[in-house]
Protein chains: 2
Amino acid sequence: MTEQLTAERILDTAEDVLRRYGPAKATVVDVARALGVSHGSVYRHFGTKAALREAVAERWLRRTSVPMAAVADDPALPAPERLRHWIRTLNATKRHYATQDPELQRTFRELISTTTGVVAAHEAELAGQLGRIVAAGVAAGDLAAADPAATGRAVFQATARFHHPAHAADWTSPANDTDLDAVVDLLLAGLSPR
Amino acid sequence: MTEQLTAERILDTAEDVLRRYGPAKATVVDVARALGVSHGSVYRHFGTKAALREAVAERWLRRTSVPMAAVADDPALPAPERLRHWIRTLNATKRHYATQDPELQRTFRELISTTTGVVAAHEAELAGQLGRIVAAGVAAGDLAAADPAATGRAVFQATARFHHPAHAADWTSPANDTDLDAVVDLLLAGLSPR
């Protein structure tokens, strides 16, 4: 009996095919062949090649954003410490991906550069998580911010150096942790209630 | 009578040759040919191809850092306004280069990626300028910082989104100016004396 062709199985295989052939060359036919099905079967799940690529990119980015949401919403840490822990965790997660498998990382960066809407949604999700930490801090009187969502966005942008993949080469520098803490110190000083 | 072969003339020509052939293909022989001199004459000024490339990269980066130093050291603006003006000016300068002549920009980014020491020195120079603004603010009682140089470095990193060329695509977004001001507001709040 054949294994059922689920969206998840297609995405697993598409990820593998993208990795082997590179985003520039991989086709839906390659994915179908690797699954032993017709390309029509793949198109029944993902209507276009672009839709399949976007779904692969989204799933890849969710591997970061889902665990980060757990950090953002964990009430165990007061908001200032939680904000620092969130940024350190995101930096460490991205460094892990960048150093553990640089080739896969390059493949996904190339793929992601063609799916700008997916990236924008991912960045908005992460900035929103920071906004929730800021809101929790305001509610508890630990942080001051007139508009926690806007502040979350500002904190996300002010820490781009520690999570945007263009800066990956700096994450293995011996100064990385000191630099990250210096930026977070400055941001928390700006958010501390007067 | 032949025009004298100065380092400046060699750099002008090298910049032009790099632009025409691209950093991967341009050679010292190409530069010498364009100048109508022997490659030995070029080597008398720049001992190696790497030294010539570094000198071109340095001169290119000084076109940004020299005018930025004038902004950093201009006592007309109080330090908090000067810091904001410095970051806005750097963002506008970089956007100008990135949009006015994207091909030249790509050439220089490619060149610069091979001269990491030159880039590190340039970034240290710019962070140092921010450190001087912070020090001026501390001296005037407008800003608070225990270590102005370290704070300058933190402010430089916290604003990477607005000056690191990897983020150039965001500088023409309608949200760029609001985003920049939101980050600067947060940093200045962190630097304001209590």
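Whatever comes next refers back to the structure up there.
Criteria and cut-off values
- Residues numbered from 1 in each chain as written.
- Chains lettered and ligands numbered in written order.
- Predicted model: local features only at pLDDT ≥ 70, side-chain atom pairs only at ≥ 80, totals over all residues.
- Heavy atoms only, no water.
- Phe/Tyr/Trp six-rings, centres within 6.5 Å; stacked < 30°, edge-to-face > 60°.
- Helix = DSSP H or I, 4+ residues; strand = E, 2+ residues; numbered from the N terminus.
- Buried < 20%, exposed > 50% of the residue type's maximum accessible area, 1.4 Å probe, protein only.
- Contact = heavy atoms within 4.5 Å.
- Expected span 1.5 Å × (residues − 1).
- Bend = angle between axes of the 7 residues up to and from the residue.
- Buried area = accessible area lost by both parts, 1.4 Å probe.
- Salt bridge = Lys/Arg side-chain N within 4 Å of Asp/Glu carboxyl O.
- Axes fitted to C-alpha atoms, helices over the stretch in contact; angles between N-to-C directions.
- Parallel < 35°, antiparallel > 145°, perpendicular 65-115°, else oblique.
- Left-handed = near helix turned anticlockwise from the far one by under 90°.
- Nonpolar A, V, L, I, M, F, W, Y, C, P; charged D, E, K, R; others polar.

Caption draft 1: A look at the packing of aromatic side chains. A full pass over the atoms with the stated rule returns four aromatic pairs over all chains. A ring pair is formed by Trp60(B) and Tyr97(B), whose centres lie 5.1 Å apart and whose planes are at 45°; its orientation type is tilted. Taken together, the residues Trp60(B) in helix α4 (residues 49-72) and Tyr97(B) in helix α5 (residues 79-100) connect sequence positions 37 residues apart. Summarising the aromatic geometry, the rings of Trp60(B) and Phe108(B) are spaced 3.9 Å apart at their centres and angled 5° between planes, so their arrangement reads as stacked. Residue Trp60(B) is located in helix α4, and its partner Phe108(B) is located in helix α6 (residues 102-112); the two are separated by 48 residues in the primary sequence. There is no split in this pair, since Trp60(B) and Phe108(B) are both buried. Joined through ring pairs, the aromatic side chains of Trp60(A), Tyr97(A) and Phe108(A) make up one cluster.

Caption draft 2: Layout of the environment of Val134(A). Residues and elements named next belong to chain A. Checked against the element boundaries, valine 134 lands in helix α7 (residues 116-140). The exposure class assigned to valine 134 is buried, which follows from its relative accessible area of 1%. Residues valine 134 and alanine 150 lie 16 residues apart in sequence; the distance between their C-alpha atoms is 9.8 Å. If we skip the residues at most four places from it in the chain, valine 134 touches Leu83, Leu143, Ala145, Pro148 and Thr151.

Caption draft 3: Spatial organisation of helix α4 (residues 49-72) of chain A. Over its 24 residues, α4(A) extends 34 Å from the first C-alpha to the last, a length consistent with the 34 Å expected when each residue adds 1.5 Å. Maximal helix bending in α4(A) amounts to about 35°, located at Arg62(A).

Caption draft 4: Local environment of the environment of Leu126(B). Residue and element names in this part refer to chain B. Assignment of secondary structure puts leucine 126 in helix α7 (residues 116-140). Using a relative accessible area of 2% as the deciding quantity, one classes leucine 126 as buried. Spatially, the C-alpha atoms of leucine 126 and leucine 187 are 17 Å apart, while their sequence positions differ by 61 residues.

Caption draft 5: Layout of helix α2 (residues 28-35) of chain B. Residue and element names in this part refer to chain B. Among the residues of α2, those classed as buried are Val28, Asp30, Val31, Ala32 and Leu35. Where α2 is buried, its residues contact α1 (7-21), α3 (39-45) and α4. Just beyond α2, the residue with positive phi is glycine 36, at close to 70°.

Caption draft 6: Examining the interface of chain B and chain A more closely. In this assembly, 23 residues from chain B lie in contact with 23 residues from chain A. Summed over both sides, the interface of chain B with chain A buries roughly 1,800 Å², with 60% coming from carbon and sulfur. Contact with chain A buries surface across chain B, with Gln157(B), Leu186(B) and Arg194(B) losing the most and accounting together for 33% of the total. Taken together, the connections running from chain B to chain A amount to two salt bridges. Between Asp179(B) and Arg153(A) there is a salt bridge, with the nearest N and O atoms lying 2.7 Å from each other. Going through the elements one at a time, α8 (148-158) and α9 (176-191) of chain B are the ones with two or more residues in the side of chain B that touches chain A. For the side of chain B that touches chain A, the element with the highest residue contribution is α9(B), accounting for eight residues.

Caption draft 7: Fine view of the packing of α4(A) against helix α5 (residues 79-100) of chain A. Residues and elements named next belong to chain A. Running from N to C, α4 and α5 point in directions that differ by 155°, and their axes come no closer than 10 Å. It follows from the interaxial angle that α4 and α5 lie roughly antiparallel. The hand of the α4/α5 crossing is right-handed. Contact residues: Trp60, Arg63, Thr64, Met68, Val71 and Ala72 in α4; Arg82, His85, Trp86, Thr89, Leu90, Thr93, Lys94 and Tyr97 in α5. A per-class count over the contact of α4 with α5 returns seven nonpolar, four polar and three charged.

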